[in-house]
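Examining the three-dimensional arrangement
Each chain is listed here by its residues.
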Amino acid sequence: MPDTTDDIAEGISFQAFEDDCRLLGSLLHDVLLRELGPHFIHLFERIRILAQSAATMRGAGMEDTAAVVERQLEAELAAMSLEDSLSIARAFSHYLNLTGIAERYHRVRKSRSEVHLSKSCDDIFDKLIQGGVPPEELYDTVCKQGVEIVLTAHPTQINRRTLQYKHLRIAHLLEFNERPDLSHDDREMLIEDLVREITALWQTDELRRHKPTPVDEARAGLHIVEQSLWKAIPRYLRRVSNALKKVAHTGKPLPLTCTPIKFGSWMGGDRDGNPNVTAKVTRDVSLMSRWMAIDLYIRQLDNLSFELSINKCSEKLASVANEILLKGLVPDAECIGSEAQIRIVKPPWNPKRQGIQIPTEKSDDSPVQSPGRSRPGSSHMGRTPSAGQLRKMLFTESKIGRSSFRKLLEPSLSDRPGITPYRIVLGNVKEKMMKTRRRLELLLEDLPCDYDPAEYYETPDQLLEPLTLCYESLQSCGSSILADGRLADLIRRVATFGMVLMKLDVRQESGRHAEALDAVTSYLDLGIYSEWDEEKKLDFLTRELKGKRPLVPPYIEVAADVQEVLDTFRVAAELGSDSLGAYVISMASNASDVLAVELLQKDTRLTVSGDLGRPCPGGTLRVVPLFETVKDLREAGSAIRKLLAIDWYREHVIKNHNGHQEVMVGYSDSGKDAGRFTAAWELYKAQEDVVAACNEFGIKVTLFHGRGGSIGRGGGPTYLAIQSQPPGSVMGTLRSTEQGEMVQAKFGLPQTAVRQLEIYTTAVLLATLRPPHPPRDPHWRHVMEEISRVSCAHYRSTVYEDPSFITYFQEATPQAELGYLNIGSRPAKRKATPGINNLRAIPWVFAWTQTRLVLPAWLGVGKGLQDALDKGHTEELRAMYDEWPFFQSTLDLIEMVVAKADAPMAKHYDDVLVSSPERRAVGEELRRELARAESCVLAVSGHCKLSANNRSLRRLIESRLPYLNPMNMLQVEVLRRLRRDDDNLKLRDALLITINGIAAGMRNTG
């Protein structure tokens, strides 16, 4: 959904962009001609030309003429056969996806072509230094910055992973096509490759036929790391370091193990309303993430060992390498370039010398045995091997087979280079990494694992130690150019990704913890926990937290749902903070919600520690309350004050979490609850209050922003969002979710990922050192309160109090049919009961985006602003827009989404799909409200028309209309037919393809 990310439209070279669109469109045309024949091409072109004509006429203000052409288009689509409808939907959908690929590539082109890129590290460091920030303060702030981007599996990524991969291939080919040195033959081969990719796209089923599992979703997240972030992180950190070390900035590079940005994940840990995420899933996903990290590091070690073929090293490295050989910890051929075992005759080099002698190699008939294998006739050979020994023997034999095969691929003995100290050390690292990987495989297969902990890596520090040793050795020997290459990149990756790539958060709804405590207190005859008032709950929880015995009896029998909660805490205790990040409590409202989790966590850790006979790995998880509804946001500060006033909790935070309290605020549910404008204002005030509460107790705070992709769910340009936060709420630390299709849009290509990471860094840096201004006039807050009150009242009266609205919503949108998409593992509703309350925010936004009304982002805004304008606040509102970043960004985002709304298209949905005149009147009123929102936003912003401050974005939107409008009209027709023939699978496929196409054209889902 690129329209809501940074630097998407502004600055695009439209000539080059349109050339690429024409190229891709022409190749798609050729593929369609070959696949479907000239009859279909004639039909496709006729539909496109009619849609183009209607869009041009509407743009020129010829509304009546455009309506006539649109009626002709509707008639032709209605008369189409089902097969033709399906093919037309697929063709237009693919075209919209191809133009999206071209847009994505041109963001890359822009960032390369700009000499002084806006919002880059160079740009922002310059501004801060020129603005009077001392170089030392700038350096310290960058080094201490702590931003964490949390990838989630929210079901808004419409494209299958197979198609995403093909789209990336096309983007890479477009990039290759830019090269000026391509010969005629090269260009012809490139065109052939593009044709192959587009043909493969056409012949691939674009629909998911089965719902993904939580593990499937986690794999998709790890795929993003592997395909893009793994490459992007070293480039991004080099950019930060190079900008810092400029003499005009600080003159010092970024420390090697310092990383301003890390990554977290909810994929496999977010069980809120998703029964498919179990304790076992969380454990398996965490182990799988570790396995992937180890596998990626092993690949890098191979490359690094190949590069570091030099003999010159420091005394310390020589001593360590010698010790490895003396202990017989000889690395295999993959790292040291020799398959033969090494027989130590004498210390192969003097540790005081810089060079290394070549040790002798054993002959094939030497009696020296491989490490870990005994000679025939040894004492244990007559016994039956244990299961563990048998597995080791099988693993060793399989390894021997692989080694024998590798001999065929390696040079003969006389051609092999000597063994170098770096290769010995790195080879030893690789050996331990391979044992670590094998151990994880056994754990994932639920097989016993009897490896000695000294033989594998568990923490990043253990891996960093030998890597840093190699780095320091190269630096001391005058080989800094080598040290700062692949080796520095690997060290930076370890510092960023650790041993898990992305630490996994656990999220659960507060009521589930209360149910678990109900079961325990009832079993112990203490009463029913959930029926106690807040003070009694806090008294009980605090008393138990101070105790030293477990509360939960070991053999208690509880309901399956409660057992799953307890099992989750057990997995969290077994994995610890080395693998897991935060424990997020959704729908939190009171201090007791946090203490309940702390008690269950402490209790389980005591039990697990007793079972293991040693302390649990890592530390306790951070417990993070998530305030989501407007009511909870208003009481968030009070809840945090009550929590921090408890001595035990405050001391716990200081001791175990470095005096840091994390608080999450939710954008999706608050928006669905009260409308976008009110949600934005309540979020702003809640953050102010939470920051003030933490400051009162001397506790640092990190705010965790649960932002969606669409404007209606708190989405928008990252830079704009961070810069409009309340002053003091971003003090060098920030966590933020990136969801669904936004993950691919922002981080799918390494080049765009680097740009996004840089934007996060500079936005947080600016918000820390030069916080945005608070409202200049205290009266502005009063004006905001009035706008919010009127806006919220109108929103809720429409959505929750009008009895005909829910039926209208179900008829006028494809909300009920979205479940066929299979885009996520979790249900669309929290509970099975009907109504807007239980509908999740994603399908709520998704459905309105499909009809082009985009209602959640603007409903109530026009009424609120109109009330303020009518009361004579026009000049005040314009001053607020010019001088208050929060108010300006809120209005700009609403303006952006209103520009994408299409009232005539929404009316077409009503005319065909809404049966009752009474309910059609609801649609008419909504369209009047859209018009009012548009006029009021323009009155306050002073713009002559929508998106006047972003002409490139407007041009991009208009360029999609000839393909987007027919998709909407076709969707209406398919919905009309499907609702009369619900079991028709071909109609269902046609509908889902139109949903895909509209999502591609709107660059929005949920």
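Structure report, in brief. (Residues numbered from 1 in each chain as written. Predicted model: local features only at pLDDT ≥ 70, side-chain atom pairs only at ≥ 80, totals over all residues. Heavy atoms only, no water.)

1. Points about the sheet that holds strand β6 (residues 660–666)
The parallel closed barrel is built from eight strands, whose spatial order is β1-β2-β3-β4-β5-β6-β7-β8. For this sheet the average axis-to-axis angle between neighbouring strands, irrespective of direction, equals 25 degrees. Note that strand β3 (residues 503–509) and strand β4 (residues 580–586) share five bridges and pair parallel. Residue pairing across strands places Val506 opposite Tyr583, the latter belonging to β4. (Pairing = 2+ DSSP bridges. Helix = DSSP H or I, 4+ residues; strand = E, 2+ residues; numbered from the N terminus. Axes fitted to C-alpha atoms, helices over the stretch in contact; angles between N-to-C directions.)

2. With respect to helix α1 (residues 14–36)
The α-helix winds at 3.6 residues per turn, so residues separated by three or four positions along the chain end up facing the same way. Helix length check: α1 (23 residues) gives 31 Å between terminal C-alpha atoms against 33 Å at 1.5 Å per residue, within 8%. Along α1, the residues classified as buried are Phe14, Ala16, Phe17, Asp20, Cys21, Leu24, Gly25, Leu27, Leu28, Val31 and Leu32. At the exit of α1 stands Gly37, carrying a positive phi of roughly 90 degrees. (Expected span 1.5 Å × (residues − 1). Buried < 20%, exposed > 50% of the residue type's maximum accessible area, 1.4 Å probe, protein only.)

3. Considerations on the pairing of β6
For β6, a buried count of six out of seven residues is recorded, marking the element as mostly surrounded by other parts of the structure. Judged from the two bridges that link them, strand β5 (residues 622–627) and β6 form a sheet pairing that is parallel. In the strand pairing of β6, Leu626 is matched with Met664.

4. A look at the packing of α1 against helix α37 (residues 951–978)
The geometry of a pair of packed helices is captured by two quantities: the angle between their axes and the separation between those axes. Relative orientation of the contacting elements α1 and α37 amounts to 15 degrees, with a least axis distance of 13 Å. Viewed along their axes, α1 and α37 adopt a mutual orientation that is roughly parallel. In this structure, α1 meets α37 at a crossing whose hand is right-handed. In this structure, α1 contributes Phe14, Phe17 and Glu18 to the contact, and α37 contributes Ser952, Arg955 and Leu956. Looking at the contact of α1 with α37, its residues break down into three nonpolar, one polar and two charged. (Parallel < 35°, antiparallel > 145°, perpendicular 65-115°, else oblique. Left-handed = near helix turned anticlockwise from the far one by under 90°. Contact = heavy atoms within 4.5 Å. Nonpolar A, V, L, I, M, F, W, Y, C, P; charged D, E, K, R; others polar.)

5. Here we look at the environment of Asn658
Here Asn658 is to be found in the loop between α23 (647–656) and β6. Through-space distance from the C-alpha of Asn658 to that of Ile699 is 9.1 Å; in sequence the pair is 41 residues apart. Non-local contacts of Asn658, meaning those with residues more than four positions away in its chain, are made with Val653 and Lys700.

6. Some words on the pattern of salt bridges
By the definition in use, this model includes 64 salt bridges. Across the salt bridge formed by Asp284 and Arg283, the nearest N and O atoms sit 3.1 Å from each other. For the residue pair Asp284 and Arg283, the accessibility class agrees, reading buried in each case. Arg570 is paired through a salt bridge with Asp611; the nearest N and O atoms lie 2.9 Å apart. Taken as a pair, Arg570 in helix α19 (residues 560–575) and Asp611 in helix α20 (residues 591–612) lie far apart in primary sequence, 41 residues in all. When its relative accessible area of 52% is taken as the criterion, Asp611 is described as exposed. A cluster of three or more residues bridged by salt bridges with shared partners is formed by Glu148, Asp505, Arg622, Glu662 and Arg735. (Salt bridge = Lys/Arg side-chain N within 4 Å of Asp/Glu carboxyl O.)

7. Considerations on a nonpolar patch on the surface
Together, Tyr523, Leu524 and Leu526 give the surface a local cluster of nonpolar side chains, amounting to about 270 Å² of exposed area. Tracing the backbone through its elements, the reader meets Leu524 in the loop between α17 (510–523) and α18 (534–546). Judged by its relative accessible area of 31%, Leu524 falls in the partly exposed class. (Patch = residues over 30% accessible without salt bridge, like charges linked within 9 Å, V, L, I, M, F, W, Y side chains within 5 Å. Areas by Shrake-Rupley, 256 points an atom, 1.4 Å probe, with all protein chains shown as cover.)

8. Section: unusual backbone geometry
Backbone geometry at Leu501 places phi at a positive 65 degrees, although glycine is not the residue there. You can see Leu501 is positioned in the loop between α16 (480–497) and β3. Using a relative accessible area of 1% as the deciding quantity, one classes Leu501 as buried. Positive phi, normally seen in glycine, also occurs at Met587, with a value near 55 degrees. Locating Met587 in the fold gives a position in the loop between β4 and α20.

9. Some remarks on the environment of Glu178
You can see Glu178 is positioned in the loop between α7 (161–177) and α8 (184–203). Taking the C-alpha atoms as reference points, Glu178 and Ala16, 162 residues apart in sequence, are found 9.7 Å from one another. Look past the residues within four positions of Glu178 in its chain and what remains in contact with it is Tyr105 and Arg109.

10. Considering the environment of Phe263
Along the chain, the position of Phe263 falls in strand β2 (residues 261–265). Considered as a pair, Phe263 and Gly498 are 235 residues apart in the sequence and their alpha carbons are 10.0 Å apart. Setting aside its immediate chain neighbours within four residues, Phe263 contacts Glu148, Ile149, Leu229, Ile233, Thr496, Phe497, Leu501, Met502, Lys503 and Leu757.

11. Thoughts on the state of the cysteines
Evaluation of the coordinates by the stated rule reveals zero disulfides. For Cys470, which is in no disulfide, the shortest distance to another cysteine sulfur is to Cys313 and amounts to 9.1 Å. Overall, Cys470 belongs to the buried group, its relative accessible area being 0%. (Disulfide = S-S within 2.5 Å.)

12. Re the packing of aromatic side chains
If you walk through the whole model with that rule in mind, you get 28 aromatic pairs. Plain terms: the ring middles of Trp844 and Trp848 are 6.0 Å apart, the flat faces sit at 85 degrees to each other, and that makes the pair edge-to-face. With Trp844 and Trp848 both in helix α31 (residues 841–850), this residue pair falls four residues apart, about one helical turn. The burial state of Trp844 is the same as that of Trp848; both residues are buried. Among the aromatic residues, ring-to-ring pairing joins Trp681, Tyr684, Trp780, Trp884, Phe886 and Phe887 into one connected group. Positioned above the aromatic ring of Tyr719 is the side chain of Lys119, whose terminal nitrogen or guanidinium carbon lies 5.1 Å from the ring centre. The cationic tip of Arg796 hangs over the ring face of Tyr800; the distance from NZ or CZ to the ring centre is 4.3 Å. (Phe/Tyr/Trp six-rings, centres within 6.5 Å; stacked < 30°, edge-to-face > 60°. Lys NZ or Arg CZ within 6 Å of the ring centre and 35° of its normal.)

The values reported here are purely geometric and, on their own, carry no functional implication.
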